[in-house]
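Here is what each chain is made of, one letter per residue.
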Amino acid sequence: MQIDKDTLNKLKKFAKVFTDARDREANESDTVMYLIEFFKEVLGYDPLLGDISKEIPVNDRFCDFGIRLDNKMVFLVEAKAAGIKQLKPKHIEQAENYASRAFIYWVLLTNGVTWQLYHLAFGQGIEHELVFELNLPDELEKNPDFVWGILSVLTKRSIKEESLETYYEQQKLLNPKNVVNLLLGEEMLMKLRQLLARKAPARLDLTTVFHAVVQVLN
């Protein structure tokens, strides 16, 4: 997705905000404040319309904030201090407890610098699946279109259009295991053998093509 100039400038502004916050080891409270501004300015949510709900109670603790549209909580945001070195899946456990009771399937874990979106599944326990992970300042410098292609699924407009669900299904389809299985499937190997046969001095069998593909993948 190609990013427009205005959005790019906003992302650059917040990338610097979060980087500076990391360097001075800003606390969690300040980080939450910066994140809410990001959700307002970049992702299009309006706190005055009730889009952003702060400090959602989870047992005797709180999840930092959630996104509510049409009077329904659609995803939770678990914020960590910008100065924290590494985000870990265990950091979303607090949000998971609330999500399981309210049947919320999405939790965003972020310190402003690193962004991790998780999809939750509820059965006998709670399972979480990492959908994307993004280092905002680093990736923005290298490929702004790539960054916006990911973060845009969290915009108010995308959530209303259920684009996040579409993105999730696409990511599952494109996960490495599925792609490898497709590449090593008989249909693909036969097609590849057909293409290679045009220049091959002798007939190629599928086993030879299979091992050639495995070698490339390795």
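Residues numbered from 1 in each chain as written. Predicted model: local features only at pLDDT ≥ 70, side-chain atom pairs only at ≥ 80, totals over all residues. Heavy atoms only, no water.

(A) Molecular detail of the pattern of salt bridges. Enumeration according to the criterion identifies 10 salt bridges in this entry. For the salt bridge of Asp20 with Lys16, the shortest nitrogen-to-oxygen distance reads 2.8 Å. On the criterion of helical spacing, the pair formed by Asp20 and Lys16 is a turn pair, its members being four residues apart in helix α1 (residues 5–23). Using a relative accessible area of 30% as the deciding quantity, one classes Asp20 as partly exposed. (Salt bridge = Lys/Arg side-chain N within 4 Å of Asp/Glu carboxyl O. Helix = DSSP H or I, 4+ residues; strand = E, 2+ residues; numbered from the N terminus. Buried < 20%, exposed > 50% of the residue type's maximum accessible area, 1.4 Å probe, protein only.)

(B) Region of the structure containing the environment of Glu129. As for its position among the elements, Glu129 is in strand β6 (residues 126–135). The class for Glu129 is partly exposed, based on a relative accessible area of 35%. The spatial distance from the C-alpha of Glu129 to the C-alpha of Pro89 is 9.3 Å, given a sequence separation of 40 residues. If sequence neighbours within four positions are ignored, Glu129 has contacts with Leu117, Tyr118, His119, Tyr168 and Lys172. Among the polar contacts made by the side chain of Glu129, one reaches the side chain of Tyr168 at a distance of 2.7 Å. (Contact = heavy atoms within 4.5 Å. Polar contact = N/O pair within 3.5 Å; in protein donor to acceptor, adjacent residues only side chain to side chain.)

(C) Highlighting a nonpolar patch on the surface. Together, Leu173, Leu174, Val179, Val180, Leu182, Leu183, Met188 and Leu217 make up an exposed nonpolar region whose accessible area comes to about 670 Å². Considering every element that reaches the nonpolar patch, the biggest residue donor is helix α8 (residues 176–183), with four residues. With respect to the helices and strands, the residue Leu183 is situated in helix α8. Given the relative accessible area of 31%, Leu183 is considered partly exposed. (Patch = residues over 30% accessible without salt bridge, like charges linked within 9 Å, V, L, I, M, F, W, Y side chains within 5 Å. Areas by Shrake-Rupley, 256 points an atom, 1.4 Å probe, with all protein chains shown as cover.)

(D) Quick peek at the side chain of His91. You can see His91 is positioned in the loop between β3 (72–79) and α3 (93–102). A residue is classified by how much of its surface remains accessible, and His91, at 15% relative accessible area, is buried. Contacts of His91, omitting those with residues within four sequence positions, involve Glu78, Lys80, Ile84, Gln86 and Leu109.

(E) Focus on the packing of helix α9 (residues 186–196) against helix α10 (residues 206–217). Between α9 and α10, the shortest axis-to-axis distance is 10 Å and the interhelical angle comes to 100 degrees. When the axes of α9 and α10 are compared, the pair comes out roughly perpendicular. When α9 is examined against α10, the residues Glu186, Leu189, Met190, Leu192 and Arg193 are found in contact with a partner set consisting of Leu206, Val209, Phe210 and Val213. Grouping the amino acids of the contact of α9 with α10 by side-chain chemistry returns seven nonpolar, no polar and two charged. (Axes fitted to C-alpha atoms, helices over the stretch in contact; angles between N-to-C directions. Parallel < 35°, antiparallel > 145°, perpendicular 65-115°, else oblique. Nonpolar A, V, L, I, M, F, W, Y, C, P; charged D, E, K, R; others polar.)

(F) View of unusual backbone geometry. A positive phi angle, near 55 degrees, is found at Glu25, a position not held by glycine. Positioned with a positive phi, Glu162 is a non-glycine residue whose angle comes to about 60 degrees. Turning to its location among the elements, Glu162 is positioned in the loop between α6 (156–160) and α7 (163–173). Looking at Glu162, the relative accessible area reads 56%, which means it is exposed.

(G) Structural detail: the nonpolar core. Leu11, Phe38, Phe39, Phe75, Trp115 and Leu151 are the most contacted members of the largest nonpolar core, which totals 45 residues. In contact with Phe39, not counting residues within four places along its chain, are Gly44, Tyr45, Ile52, Phe65, Ile67, Phe75, Val77, Leu108 and Trp115. Of all hydrophobic cores here, the second largest spans 14 residues; its members include Leu87, Ala99, Val107 and Leu120. (Core = buried A, V, L, I, M, F, W, Y, C linked by side-chain atoms within 4.5 Å.)

(H) Seen up close, the packing of aromatic side chains. Using the criterion set out here, one finds 14 aromatic pairs in the structure. For the ring pair Phe14 and Phe18, a centre distance of 6.1 Å and an interplane angle of 35 degrees mean the geometry is tilted. Placement of both Phe14 and Phe18 in helix α1 is noted, with a separation of four residues, approximately one turn of the helix. A residue is classified by how much of its surface remains accessible, and Phe14, at 4% relative accessible area, is buried. The class of Phe18 is buried, set by a relative accessible area of 0%. Members of the aromatic cluster, connected to one another through ring pairs, are Phe14, Phe18, Phe38, Phe39, Tyr45, Phe65, Phe75 and Trp115. (Phe/Tyr/Trp six-rings, centres within 6.5 Å; stacked < 30°, edge-to-face > 60°.)

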